[in-house]
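# Close look at the chain arrangement
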Amino acid sequence: MSDVYQVSYTGDILGHRRCPRAWLYERHVGLRPYEQVQAMEGNLAHFAMEWLTKHYRKHGTYPKATQLEQEMLKRFSVLRSRGIRSEFAKKAEVVARVVEVVYPQSVSFPKGAAPVIVETGAIDPIVAKCISCALHTEYEIKHVRALPAGHKFSGKKQVLLRGILDLVIQQEDSMEFSRVYEITDPINLTGSVAEKSIKSVSGDIEIWDYKASKPDTPYIHDYVRQLLTYAALYHRNNPEEPLPARCVLAFLRRPKKGTLQDHLIAIPVTQELLDHAESWTMGQITGIGDSISDFIASPAAAKVGTGGCGTVDKELAKQCTACGQRFDCDPYAKGHVGDCDRSRIDKN
Amino acid sequence: MTEVEFWRVLNKSLMRVGRKPLKLSKGSPEPLIIKIDPKVQVLRILAGPGSGKTEMLVWRVLYDLIMCGTPAERILLTTFTRKAAEELTVRLSERAEAFVHSAIKMGITVPDLKIHDVRIGTIHSLCDSLLSEFVDAYYQQDIRLLDELETDLHLRKWWWQQVVGGTQVRNLANRTVLGAPISRGLLRPNNWTDAQISLGLALAHHTETWLPRCSGIPGKPDQHNALESHHGVSGLTAALKTLQEDWTTYLLDKPLALDFTQIQAQFLDCQSMMLDQIDHVYVDEFQDTNPIQYAIHFGWLTTPGRDPDLPPMRLTVVGDDDQSIYRFRGSDVGCFMSLEGDCKKHKIPFRQEILQNNYRSSGNIVSFSQAYRNSAIPAKCSLKKVVTPVKGAGATVRLITGPWDDLCAFVAKEAQKNGYRRGSKPKKEMATLLFSASEKAGRYGASAKPASDLRAALDAANIEVANPRNKIAGLTSSHVHTLTAVLSWFIDPLTRPRNPATGKPKRCAAGFRDDSMAAMAPTVRPSWVPDQGHLKVQAQCWELFCGKNNLGPTVRSSDPDFNEVLDYLADLRDTLPKAWVKFDVGTSKKPRLTLAGLVARLISMPLFRSAGYSMELFRQAMFTELSETAIAASRSTGFSIDDPIEVRTDVAGKPDWDSRVWDFIGSLGLMVAGSSLNDPEVETLQQHAFPILTFHQSKGLEYDEIYLAATGRPVDSIPVILTRVFSGDPVNGLKVDSSGDLFYTDPDVDDWARADAAREIYVAMTRAKDRLTILHDPDHGDRFMALDDTIASLFAKLPEKKTKDGLIIQEWKV
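Because the structure is predicted, anything quoted here is derived from the model rather than measured. (Residues numbered from 1 in each chain as written. Chains lettered and ligands numbered in written order. Predicted model: local features only at pLDDT ≥ 70, side-chain atom pairs only at ≥ 80, totals over all residues. Heavy atoms only, no water.)

Okay, the overall build of chain A next. Tallying secondary structure elements over chain A gives 10 helices and 10 strands in all. Over its C-alpha atoms chain A spans a radius of gyration of 21 Å, differing by no more than 12% from the 20 Å that the globule rule assigns to 348 residues. Out of the 348 residues belonging to chain A, those deemed buried represent 53%. Nonlocal contacts in chain A, meaning residues at least 24 apart in sequence, comprise 67% of its contacts between residues at least 6 apart. When the accessible surface of chain A is split by element, carbon and sulfur atoms take 51% of a total near 14600 Å². If the 45 positive side-chain charges of chain A are averaged to one point and the 42 negative ones to another, these points end up 5 Å apart. (Helix = DSSP H or I, 4+ residues; strand = E, 2+ residues; numbered from the N terminus. Rg over C-alpha atoms; globule rule 2.2 N^0.38 Å. Buried < 20%, exposed > 50% of the residue type's maximum accessible area, 1.4 Å probe, protein only. Contact = heavy atoms within 4.5 Å. Areas by Shrake-Rupley, 256 points an atom, 1.4 Å probe, with all protein chains shown as cover. Lys, Arg positive; Asp, Glu negative; His and termini not counted. Charge placed at Lys NZ, Arg CZ, Asp CG, Glu CD.)

Encoded structure:
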């Protein structure tokens, strides 16, 4: 039996933080979730960026909006057949929204009609920058660490932390960020987003992560910790490179007003923050071990969500509505009896 | 970094991870293995058991990255299983990090190793990812790789299509491939196996052995399968080609996927397009390579077209021919052995290094296992090597003879002494290894189940047991079975009305092929007949919960939790079609309930949710995987497990299910009724549990103490003959008698078949670190439980002692 416990940052650490119960049934036991609402947009957005980067490296040019659309339509079908679902009802709309992030002037949404995508229209300058300055895309982090003393991963000695870093950029010239995540509690890595300008300089290493949601997500603190941990592990793998100058959260849901640049949040990096991020992550891994240990004692008593007060919070509830484990989840049922009614057939 | 610095940092890193530093003196094999000699293109590392081969392979990769500057993404590291690939990934990451940190501490600069870019995986996954990356046509099609379970399902579905409609393919299979007595004798011994399994075996051999060895050789016409050219099975080669094409067409049309064999064939076809992308291929467990995999590995060296400005392609393979145990799955140890000769033939510089120190086992175990190997494996079937123990002599190797029940009690008693008890950590890790660990009746005779007898003895001693190959997941009492049965009942309930013609009660269901009985079913008959496996599962489940022949919509069980599930599904069967009818006339919203959503609802009910933290809970997870496999793969139909379950009613008000619902239940039934389901390997349930494992499963593992039993499996020459004939080579005197039994006069076949059987036992015995005990019940009555002849001869003249329990012990020592 292997002495290594494998942990994926997004699937396990973030999933477990949102709802230990759902995580335990889905990831630990393997009861497959039957719907992954919103996963479609995220998956398509990541795929789009990866495809664009490959295209740029191969041809030295950016593709046309309609070419991207064709790739996205193909990808949509593949994902759908694998059970990935969208928040939006129509394929064309989902694809158009992703294409719009890259080519804002090429896409329009006429009222009551299908979206229109035209060949003309320039690529968004931020996206162009991500593509042309990419040092690595989809950089896979595999990091082995000894498990801390007193952990509850019976029989395991080490943990293999896995994550995929969307993009590592080495800036070629200056770039301005208008929003900065300022950390006020460096131990817990919490803080707030400030409207403040910082500029990158040529040669800066930046760790970017794409998010399919909007920047006002309540999970922003977790995203910051995730990125700082990735930056720490990236730096461990590349000790000869300078410390990454900053991490950047890129929220790809196009803002109704303003530009994509307004959806970038920069997180300045220091070695101290990276150390704290690693410690925080190891603490979360220990928490996963505790949850498993409790689950072994009684699967029925698995803890639910993060809202406290006996009910799930509003943000989590959006996901609970599609959770396969909701039918006997008492805290969720308290506020959402209808959602947990097995006889309902108008809802999956 | 200089060469001297590399070795200094390497030894520091080994100490950092708690290992002994390497001896760097002249004559020590390790540095010769790790260092890449520019003059050598192919290195074969012949590594005996417990010799630390994986560690050497990992350090050679690191040398390649650090000292040769080979870019990480140009290194291919392949091994036999996904689990082994994961372990290699962990080991490589760990050693790389230890190396970088040791170097920094010593003030030595290390370049960015980009370790995450090394391509590590099974050969199938690597073929898939390389094809996706470098072959546009493959990427554009977005072909998916089927795992073994899915392949099995699709093979059954494909065959079922032939049974109900495809005359040409069915005739080719039944008449040409499986029709001749000699091929039936080889592929369908004693007629015990299903036609599609035999066909799957033939197609796998055709692709994995015949294709690389007999076809596409420049300047030569395709050679016939030897069954055709020498043993009179006319038309076989062409028939297999046609069937292969039809099977591939089915895969690419319906699930848009390839199975493990097809992906390799596809890769071999396209290999020339990737020659410039890879510089060094490393193959672990090379002894279990099959001919098509060998063609791929060797193809990296010989396929023309590599850019001459690139460094010469390198191949490093590691393995032990004496541990080759997968011939039954198509591997051929001949690949391992022929590498040197093939290199000579192609003038490729070759070298061999031998790792002969055994760091794992005590002197007595090494000595015994070597005595066994030398005697049981014919010399011509094994490469010359010596295995030297590093540890002291240790405990004697024991042969304990007595009734099986007493032997089981003996094992339980010794396990207790070593601290095995529910919930506590044992002092030593022990395991029992059997040829088959199945706890289903059958393998060892109708009622004999040695693994379950052992489980009972260990249970009685309050010892937790882990036996992932117990094969009881598919039994009627399993949740997999119950979930399938209730879904089958929901869609196509079995009832037992009176037959109007005879007045006697008779089972009926809409899925029956008999028109009159199907018409009496409470569900509208589907437009085509799906496989009826689900009805078999349903009937067995009802027998368990409600009693024999107690079928019908009003039947009740004594288990209220089961009744709750039935009531729920009966209501749903009533309301769902009505809701769809209302939707059709525009008076209601579209129903959104999907099959996956229904399964999620069922699993939340007490019948299933009360499983606690047990294997039953994990079998539910296995069921959700099966149900997803059964439907999500059907991409061409556009039906996903997340699509709403569509159902209408006929004029009589009977539910009339969408054809895709029938497809789902047919596929699921095929899978559950027809497959041999293994339990999921749940690590937390195995923690501190006493393992009962098969010989094959034990490969790659080690335990302080091993009990070895069921060493008497009869020598099976069929896999050797299959390798031979699909390689185009005849077997002397091969014929079949009127009762279907095979005969041959080829001593070579016997030698290789004996070697295959002995290697399984050799692998099992070399897992032991401190103590090896062989168990034997001479009166067990089952041939698999007999004692291997060579083991018997090694103990033959040793004195016997009697234990208090009446068991006889003989001890072997150096």
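On we go from here.
Residues and elements named next belong to chain A. Remark: helix α7 (residues 220-237) packs on helix α8 (residues 271-297), axes separated minimally by 8 Å, with the N-to-C direction vectors making an angle of 110 degrees. For the element pair α7 / α8, the angle class is roughly perpendicular. Together, Asp222, Arg225, Leu228, Thr229, Ala231, Ala232, Leu233, His235 and Arg236 of α7 and Gln271, Leu274, Ala277, Glu278, Trp280 and Thr281 of α8 make up the contact between the two elements. For the contact of α7 with α8, the per-class residue count stands at 7 nonpolar, 4 polar and 4 charged. (Axes fitted to C-alpha atoms, helices over the stretch in contact; angles between N-to-C directions. Parallel < 35°, antiparallel > 145°, perpendicular 65-115°, else oblique. Nonpolar A, V, L, I, M, F, W, Y, C, P; charged D, E, K, R; others polar.)

Here we take up the interface of chain A and chain B. Across the contact, 60 residues belong to chain A and 59 residues belong to chain B. Both sides of the chain A and chain B interface together cover about 5000 Å² of buried area, and 51% of this is carbon and sulfur. There are 5 salt bridges connecting chain A and chain B. The partner of B:Arg609 in a salt bridge is A:Asp328, and the shortest N-O contact between them spans 2.8 Å. For the pair chain A and chain B, the interface holds 17 residue pairs in polar contact (both at pLDDT 80 or more). Every element with two or more residues in the side of chain A that touches chain B is listed here: β1 (4-8), α2 (20-29), α3 (39-59), α4 (65-81), β4 (134-146), β5 (158-170), α7 and α8 of chain A. The element contributing the most residues to the side of chain A that touches chain B is β4(A), with 7 residues. Of the residues belonging to the side of chain A that touches chain B, the class tally is 19 nonpolar, 17 polar and 24 charged. (Buried area = accessible area lost by both parts, 1.4 Å probe. Salt bridge = Lys/Arg side-chain N within 4 Å of Asp/Glu carboxyl O. Polar contact = N/O pair within 3.5 Å; in protein donor to acceptor, adjacent residues only side chain to side chain.)

Turning our eyes to something else, we now look at the pairing of β5(A). All names here are of chain A. Summarising burial for β5: 11 of the 13 residues are buried, a large majority. In the sheet, β1 pairs with β5 via 5 bridges, with the strands oriented parallel. The partner of Val7 across the bridge, within β5, is Leu161. In this structure, β4 lies alongside β5, joined through 11 bridges in antiparallel fashion. Its bridge partner lying in β5, Arg145 is registered against Val159. (Pairing = 2+ DSSP bridges.)

Residues and elements named next belong to chain B. Strand order across the open sheet formed by 6 strands is β3-β2-β6-β7-β1-β8, with parallel pairing between neighbours. Only two strands of the sheet have a single neighbouring strand rather than two, namely β3 (119-122) and β8 (350-355). On average, each strand axis in the sheet is tilted by 15 degrees relative to the strand beside it, whichever way the strands run. Looking at chain direction, strand β1 (residues 42-47) and β8 are connected through 6 bridges and run parallel. By the bridge assignment, Ala47 is partnered in β8 with Leu355. Across the sheet, helix α15 (residues 333-345) touches β1, β7 (314-319) and β8, and the angle it forms with β1 is around 150 degrees.

What follows is about the sheet that holds strand β20 (residues 768-776) of chain B. Residue and element names in this part refer to chain B. Ordered in space as β13-β16-β12-β17-β20-β11-β22-β21, the 8 strands form an open sheet in which the pairing is mixed. Edge positions in the sheet fall to β13 (465-466) and β21 (801-802), since each has one partner strand and no second. For strand β11 (residues 397-401) and β20, the ladder comprises 4 bridges, and the chain directions are parallel. Residue pairing for β20: Arg398 is matched across the bridge by Thr773. Each of β11, β20 and β22 (808-812) touches helix α16 (residues 363-376); the most contacted strand, β20, lies at about 50 degrees to it. Sheet strands in contact with helix α17 (residues 404-417) are β11, β12 (430-434), β16 (690-694), β17 (703-708) and β20, and its direction is about 140 degrees off that of β11.

The next thing to look at is the pattern of salt bridges. Side chains carrying opposite charge are able to pair once their charged atoms draw close together. Taken as a whole and assessed by the stated rule, the structure comprises 77 salt bridges over all chains. In this structure, B:Glu683 and A:Lys156 form a salt bridge, with 2.1 Å as the shortest nitrogen-oxygen distance. Taken as a pair, B:Glu683 in helix α27 (residues 683-686) and A:Lys156 in the loop between β4 and β5 lie in two separate chains rather than in one. For B:Glu683, a relative accessible area of 28% corresponds to the partly exposed category. With a shortest N-O distance of 3.6 Å, B:Asp332 and B:Arg327 are connected by a salt bridge. The exposure class of B:Asp332 is buried, given its relative accessible area of 8%. For B:Arg327, a relative accessible area of 7% translates into the label buried. Sharing partners across several salt bridges, the network here consists of B:Lys380, B:Arg724, B:Asp746, B:Asp748, B:Asp751 and B:Arg754.

With 96% of its residues at a pLDDT of 70 or more, chain B has an overall mean of 90. Here residues 633-638 of chain B scores under 50 on pLDDT; set against residues more than four positions off or in separate chains, the count is 22 contacts. (pLDDT = per-residue confidence, 0-100.)

Residues and elements named next belong to chain B. Orientation of helix α19 (residues 479-491) relative to helix α26 (residues 659-674), taken along the N-to-C sense of each, is 150 degrees, at an axis distance of 10 Å. Judged by the angle between their axes, α19 and α26 are roughly antiparallel. Of the two possible hands of crossing, α19 and α26 adopt the one that is left-handed. Contacts between α19 and α26 involve Val480, His481, Thr484, Leu487, Ser488 and Ile491 on the former and, on the latter, Val661, Trp662, Phe664, Ile665, Leu668 and Val672. Residues that form the contact of α19 with α26 fall into these classes: 9 nonpolar, 3 polar and no charged. (Left-handed = near helix turned anticlockwise from the far one by under 90°.)

Quick look at the nonpolar core now. Judged by nonpolar contacts, the single largest core of 141 residues is most densely connected at B:Val177, B:Trp300, B:Leu339 and B:Phe368. Top element by residues in this core is helix α29 (residues 747-765) of chain B. It accounts for 9 residues. Dropping the residues within four chain positions of it, B:Val177 is found in contact with B:Leu172, B:Ser183, B:Leu187, B:Leu199, B:Ala202, B:Leu236, B:Ala239, B:Leu240 and B:Leu243. The next biggest cluster of nonpolar side chains, apart from the first, holds 125 residues, and it includes A:Leu233, A:Ile345, B:Phe512 and B:Leu685. (Core = buried A, V, L, I, M, F, W, Y, C linked by side-chain atoms within 4.5 Å.)

Let's shift gears to α7(A). For α7(A), built from 18 residues, the straight-helix expectation of 26 Å at 1.5 Å per residue is met to within 8% by its first-to-last C-alpha distance of 26 Å. With 16 of its 18 residues buried, α7(A) lies for the most part within the structure. (Expected span 1.5 Å × (residues − 1).)

The geometry of an aromatic ring pair comes down to the distance between the two centres and the angle between the two planes. Enumeration over the complete set of coordinates arrives at 32 aromatic pairs over all chains. Measuring from ring centre to ring centre gives 5.4 Å for B:Tyr420 and B:Phe690, while their planes differ by 70 degrees; the resulting arrangement is edge-to-face. Here the residue B:Tyr420 occupies a position in the loop between α17 and β12, and B:Phe690 occupies one in strand β16, the gap between them amounting to 270 residues. Aromatic pair B:Phe435 and B:Phe695: ring centres 6.2 Å apart, planes at 75 degrees, arrangement edge-to-face. On the criterion of sequence distance, the pair formed by B:Phe435 in the loop between β12 and α18 (450-460) and B:Phe695 in the loop between β16 and β17 is long-range, its members being 260 residues apart. For the pair B:Phe435 and B:Phe695, a shared accessibility class is recorded, and that class is buried. By the ring-pair criterion, three or more aromatic residues cluster together here, those being B:Phe6, B:Trp7, B:Trp59, B:Tyr63 and B:Phe99. A cation over a ring is seen here: A:Lys211 above A:Tyr223, with NZ or CZ 4.0 Å from the ring centre. The aromatic ring of B:Trp489 is capped on one face by B:Arg573, whose charged end is 4.4 Å from the ring centroid. (Phe/Tyr/Trp six-rings, centres within 6.5 Å; stacked < 30°, edge-to-face > 60°. Lys NZ or Arg CZ within 6 Å of the ring centre and 35° of its normal.)

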